[in-house]
Amino acid sequence: MFSKHFIGILLVTSALFSMGTRIAKKDIPSSSKKNEKKQEHQLQSQEKEKEDLKDSTSAESSESSEKSHHQRDDQSSVSCSTHTQSSDETGSAADCTCVNWPIIAKEALSSVVNIIATQQISQPKGMPGGMPKMPSGSLFDELFKDFFDADKSPRKVQAAGSGFIIKINDKFGYVVTNYHVVADAKTIKITLSDKDEVNATLVAGDERSDLAIIKFELSSVKKIKNIKPMSWGDSSSLMVAEPVMAIGNPFGFGGTVTTGIVSYKGRYLPNGAQQDFEFIQHSAQINMGNSGGCLLNKQGHVIGINTAIITPNAGNVGIGFAIPSNEAKRIIDKLLDTGYIKRGYLGIQIQEINDDLREGMNLDKDGGVILVGSVQEDGPSNGILEPGDVIIEFEGKKIKEARQLPSFVSNSEVGKKVTLTILRPKKDDYPPTYSKMNVNITLAQVPQDKDLSKSLSQNQKDVLDIEGFSVRNLTAEEKQSFKKDFSRKQTSGILIVGVDKQFSENHQFLTKGDVIESINSTMIIHNVKDFEKYIQKAKQKKLNSINLQIWRPISQGQGASRFVPFKLSVADHDKKDEKKEKNKD
């Protein structure tokens with residue numbers, strides 16, 4: 001490089017020197033011809049020396065450049081070979097600088113399978129716990145019929161997905177895939193790399209982690225020698241921008257290979273779903289049908305299981321998510337060993353504290369992000385945590401995002417006593433102030449969902465319209481049903497039987513059938529008069545926002561409690577405008 005630059009300088013200098021020579025010739029006096037000839041001879045000699053120097057330097061530079069080029073090629077070849085060998089021995093992603101994707105793909109394709117699972121669907125999915133089954137003619141049947149009127153006729157659907165072989169014994173081959181690919185499947189068929197199609201059965205699955213294991217009989221496979229399990233890699237060693245390869249069955253096109261890079265580590269999905277681990281975000285193209293397929297590193301080891309994409313149009317836009325191999329292997333090993341996953345359980349429902357809730361709670365920005373919505377009355381936190389508590393630490397770890405707590409709890413051992421640091425609102429303190437304290441809770445195992453029938457009477461008397469709601473007191477029969485069918489000891493509250501969506505934007509989170517239990521968890525509502533009194537009290541203190549604690553029946557025997565922000569300033573403004581319009585009339 002130095003030689004080339006030096007030549008360039010020489011060429012420019014030589015050109016300028018020749019120009020100066022031509023100019024100098026015009027300025028020589030005619031009376032000194034002898035001196036003119038002498039000077040001209042000297043200039044010609046200098047020009048010849050410069051030309052000789054240029055040719056010599058150019059030749060040396062060319063030779064040096066060619067030698068340097070060969071040296072770089074040799075070094076590159078040695079470096080690539082050395083690094084590849086190093087990566088094979090240590091499995092470290094950081095050691096490998098060159099990737100032979102064709103060889104890796106050829107090896108991996110023999111272990112990747114395409115999956116077709118036939119399911120019989122009796123009713124639409126999408127609501128937690130399924131569609132509510134309310135007794136005909138009951139209050140909740142009437143309240144919710146507008147929301148859940150759908151075709152319930154059985155129909156068969158086929159789910160296409162991917163998987164890869166992780167284990168082989170004398171009789172069976174075991175395949176890992178996503179739970180949502182094979183859940184509730186009546187039949188499962190897999191297609192091997194040589195187009196051999198065989199039946200498979202579900203061994204074990206875990207809906208929460210979206211992982212499942214299926215198996216197939218080796219006796220039904222024509223070319224057993226072509227089948228071999230894949231090796232797990234260490235997902236913790238991945239680096240952002242490291243190349244990865246995805247293999248799967250997008251849109252039914254089996255054996256599809258794509259490559260990309262690791263875009264981000266430690267990503268949470270934005271759909272609010274339960275998540276006990278952080279996903280690998282990558283840019284290798286995956287689409288519908290890639291679910292359950294493998295994500296490989298530069299050594300050909302599985303470092304992720306492709307699960308989801310973010311897309312506005314059902315097509316790939318370069319944002320894919322994979323379950324990290326370290327998390328997947330831990331869960332898969334437990335499923336193979338016991339057939340199920342034991343997870344820690346606090347027995348509470350939580351919600352994230354947004355800005356609107358924070359204002360109504362009188363909580364500063366550093367005051368925590370998790371609000372306890374309800375406490376299961378027969379759960380491990382009963383009598384220890386209370387609705388309205390703010391959880392700020394788990395075992396000394398500060399909780400910066402609401403989704404961190406479920407992950408901490410789920411990955412803790414069942415029966416372990418854990419310490420939570422909380423902020424508890426002081427009773428009857430309005431607006432709320434808080435006491436900081438530590439509580440100890442012994443984690444239980446996540447219980448099975450209960451399947452209970454509901455029977456709530458319809459009673460529309462004593463309905464009161466207030467703040468855009470139509471509310472009434474709970475009947476004795478309804479309170480008894482809450483105790484029996486929903487295992488609820490707390491039966492206070494008022495029932496919403498109508499919501500005026502035009503009255504205020506605050507009502508968009510509320511619906512018929514919701515039970516308003518308290519304001520900010522500190523002001524318990526026993527009847528409509530309590531609700532009316534507390535609203536007036538909040539207005540007298542000129543509060544801009546309060547939080548309504550509501551409970552909503554979801555499905556058989558299941559309900560959810562949460563806090564809903566309500567801005568009083570907006571409600572007052574609406575009423576003032578309404579009053580002005582009446583005065584005009």
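Residues numbered from 1 in each chain as written. Predicted model: local features only at pLDDT ≥ 70, side-chain atom pairs only at ≥ 80, totals over all residues. Heavy atoms only, no water.

1. Details of the overall build of the chain
We count it as follows: Runs of H or I in DSSP of at least four residues are treated as helices and runs of E of at least two as strands, each being numbered from the N terminus. Residue burial is assigned from relative accessible area. The probe radius is 1.4 Å, only protein chains are included, and a residue is buried under 20% of its type maximum, exposed over 50%, and partly exposed in between. Only heavy atoms matter for contacts: two residues are in contact if any of them lie within 4.5 Å across the pair. Under the convention used here, a 1.4 Å probe and the Shrake-Rupley method define accessible areas, while residue burial counts only the protein chains that appear.
When you go through the chain residue by residue, the secondary structure sums to 11 helices and 27 strands. For the chain, buried positions account for 43% of its 585 residues. The long-range share in the chain, meaning contacts at least 24 apart out of those at least 6 apart in sequence, stands at 66%. Carbon and sulfur atoms make up 49% of the accessible area of the chain, which amounts to about 31,500 Å² in all.

2. Comments concerning helix 6 (residues 325–338)
For clarity, the cut-off: Here the expected span of a helix is defined as 1.5 Å times the quantity of residues minus one. An arc is given here, and it is the one of the directions from the helix axis to the C-beta atoms.
Across its 14 residues, helix 6 extends 20 Å between first and last C-alpha, which sits within 8% of the 20 Å expected from 1.5 Å per residue. Along helix 6, the positions that sit buried rather than exposed are S325, A328, I331, I332 and L335. Down the axis of helix 6, the smallest arc covering the buried residues is 135°, so these residues share one side. Where helix 6 terminates, the next one or two residues include G339, which has phi positive at roughly 90°.

3. What to know about the sheet that holds strand 10 (residues 294–296)
The criterion, for reference: Strand pairing is assigned whenever DSSP detects at least two bridges linking the two strands. For every element, the axis is a line fit to its C-alpha atoms; helices are fit only across the contacting stretch, and the angle between N-to-C directions ranges from 0 to 180 degrees.
Around the barrel, which closes on itself, the six strands sit in the order 7-8-9-12-11-10 with antiparallel pairing between neighbours. Averaged over all pairs of adjacent strands, the angle between their axes in this sheet comes to 45°, without regard to strand direction. As paired strands, strand 11 (residues 302–309) and strand 12 (residues 320–324) are joined by five bridges and run antiparallel to one another. From the neighbouring strand, I305 faces strand 12, where its bridge partner is I323. Each of strand 7 (243–248), strand 8 (256–267) and strand 10 is contacted by helix 3 (residues 101–109), which is oriented at about 35° to strand 7, the strand it contacts most.

4. Re a nonpolar patch on the surface
For clarity, the cut-off: Only residues above 30% relative accessible area that lack a salt bridge enter a patch, with like-charged residues linked at up to 9 Å and the nonpolar side chains Val, Leu, Ile, Met, Phe, Trp and Tyr linked at up to 5 Å. We define a salt bridge as a contact between a side-chain nitrogen of Lys or Arg and a carboxyl oxygen of Asp or Glu at a distance within 4 Å.
Taken together, the side chains of F251, F253 and M288 define a hydrophobic patch exposed on the protein surface, amounting to about 380 Å² of accessible area. Mapped onto the elements, F253 comes out in the loop between strand 7 and strand 8. Residue F253 is classed as exposed on the basis of its relative accessible area, which comes to 58%.

5. Topic: helix 10 (residues 528–540)
We apply this condition: Whenever two N or O atoms come within 3.5 Å, that pair is a polar contact, provided that in protein one can donate a hydrogen and the other can accept it, and provided that, for residues adjacent in sequence, both atoms are side-chain atoms.
Here helix 10 is 13 residues long and its end C-alpha atoms lie 19 Å apart, about the 18 Å a rise of 1.5 Å per residue gives. V528, D530, F531, Y534, I535 and A538 are the residues of helix 10 that are buried. Burial along helix 10 is one-sided: seen end-on, the buried residues are contained in an arc of 160°. What points out from helix 10, more than 90 degrees from its buried face, is the exposed set K529 and Q540. Its side-chain oxygen at 3.2 Å from the backbone nitrogen of K529, N527 defines the N-terminal cap of helix 10.

6. A closer look at the packing of aromatic side chains
Applied cut-off: Geometry of aromatic contacts follows a simple scheme: Phe, Tyr and Trp rings, the Trp one being its six-membered ring, pair when their centres are within 6.5 Å, and the pair is stacked under 30 degrees between planes, edge-to-face over 60, tilted otherwise.
Counted according to the given criterion, the structure contains five aromatic pairs. Note on F394 and F408: the rings are 5.8 Å apart at their centroids and 20° apart in plane angle, and the pair reads as stacked. Residue F394 is located in strand 16 (residues 390–394), and its partner F408 is located in helix 8 (residues 404–410); the two are separated by 14 residues in the primary sequence. Both residues of the pair, F394 and F408, belong to the buried class. Put simply, the rings of F277, F279 and F321 touch in pairs and so form one group of aromatic residues.

7. Some details on the environment of N326
With respect to the element layout, N326 can be found in helix 6. Not counting the four nearest positions on each side in its chain, N326 is found in contact with G233, D234, S235 and S236. Of note is the side chain of N326, whose polar atom sits 2.9 Å from the side chain of D234. Among the polar contacts made by the side chain of N326, one reaches the main-chain amide nitrogen of S235 at a distance of 3.2 Å.

8. Some remarks on the pattern of salt bridges
A side chain with one charge can pair with a side chain of the opposite charge if their charged atoms come near. All told, the structure shown has 12 salt bridges when counted by the stated rule. Its salt-bridge partner being R343, residue D276 comes within 3.3 Å of it at the nearest N-O pair. Taken as a pair, D276 in the loop between strand 8 and strand 9 (279–282) and R343 in the loop between helix 6 and strand 13 (344–345) lie far apart in primary sequence, 67 residues in all. The exposure class assigned to D276 is buried, which follows from its relative accessible area of 5%. The partner of K427 in a salt bridge is E386, with the nearest N and O atoms 3.8 Å apart. Within this pair, whereas K427 is found in the loop between strand 18 (417–425) and strand 19 (434–442), its partner E386 is found in the loop between strand 15 (370–375) and strand 16, the two being separated by 41 residues in sequence. Within this structure, D206, R208, D276 and R343 form a network of salt bridges that share partners.

9. What to know about the confidence of the model for the chain
Note the threshold: pLDDT is defined as a per-residue confidence score from the predictor, taking values between 0 and 100.
In this model, the chain carries a mean pLDDT of 75, and residues with pLDDT of at least 70 account for 66%. Within the chain, strand 10 carries the highest mean pLDDT (98), whereas helix 1 (residues 2–26) carries the lowest (33). Across residues 60–96, confidence stays below pLDDT 50; counting only partners more than four residues off in sequence or on other chains, it has 25 contacts. When the criterion is pLDDT under 50, residues 124–131 qualifies, and its contacts beyond four places in sequence or with other chains add up to 15 contacts.

10. Quick look at the side chain of T307
Here T307 is to be found in strand 11. Classification of T307 by relative accessible area gives buried; the value is 12%. Within polar-contact distance, the side chain of T307 engages the side chain of N178 at 3.4 Å. If near-sequence neighbours (up to four positions away) are discounted, T307 is found in contact with N178, H180, D210, F279, S291, F321, A322 and I323.

11. Describing the side chain of S111
Locating S111 in the fold gives a position in the loop between helix 3 and strand 1 (112–121). Residue contacts for S111: discarding those within four places in its chain leaves G163, F164, I165, K228, P229 and M230.

12. Focus on the nonpolar core
Cut-off, in case you're wondering: Take the buried residues of types Ala, Val, Leu, Ile, Met, Phe, Trp, Tyr and Cys, join any two whose side-chain atoms come within 4.5 Å, and each joined set is a nonpolar core.
Residues F164, M230, C294 and L296 are the most contacted members of the largest nonpolar core, which totals 30 residues. Among all residues touching M230, those that are not within four sequence positions of it are A108, S111, V112, F164, I165, I166, C294, L296, G300 and V302. Core analysis: the second largest hydrophobic core is formed by 22 residues, I496, L510, I525 and I535 among them.

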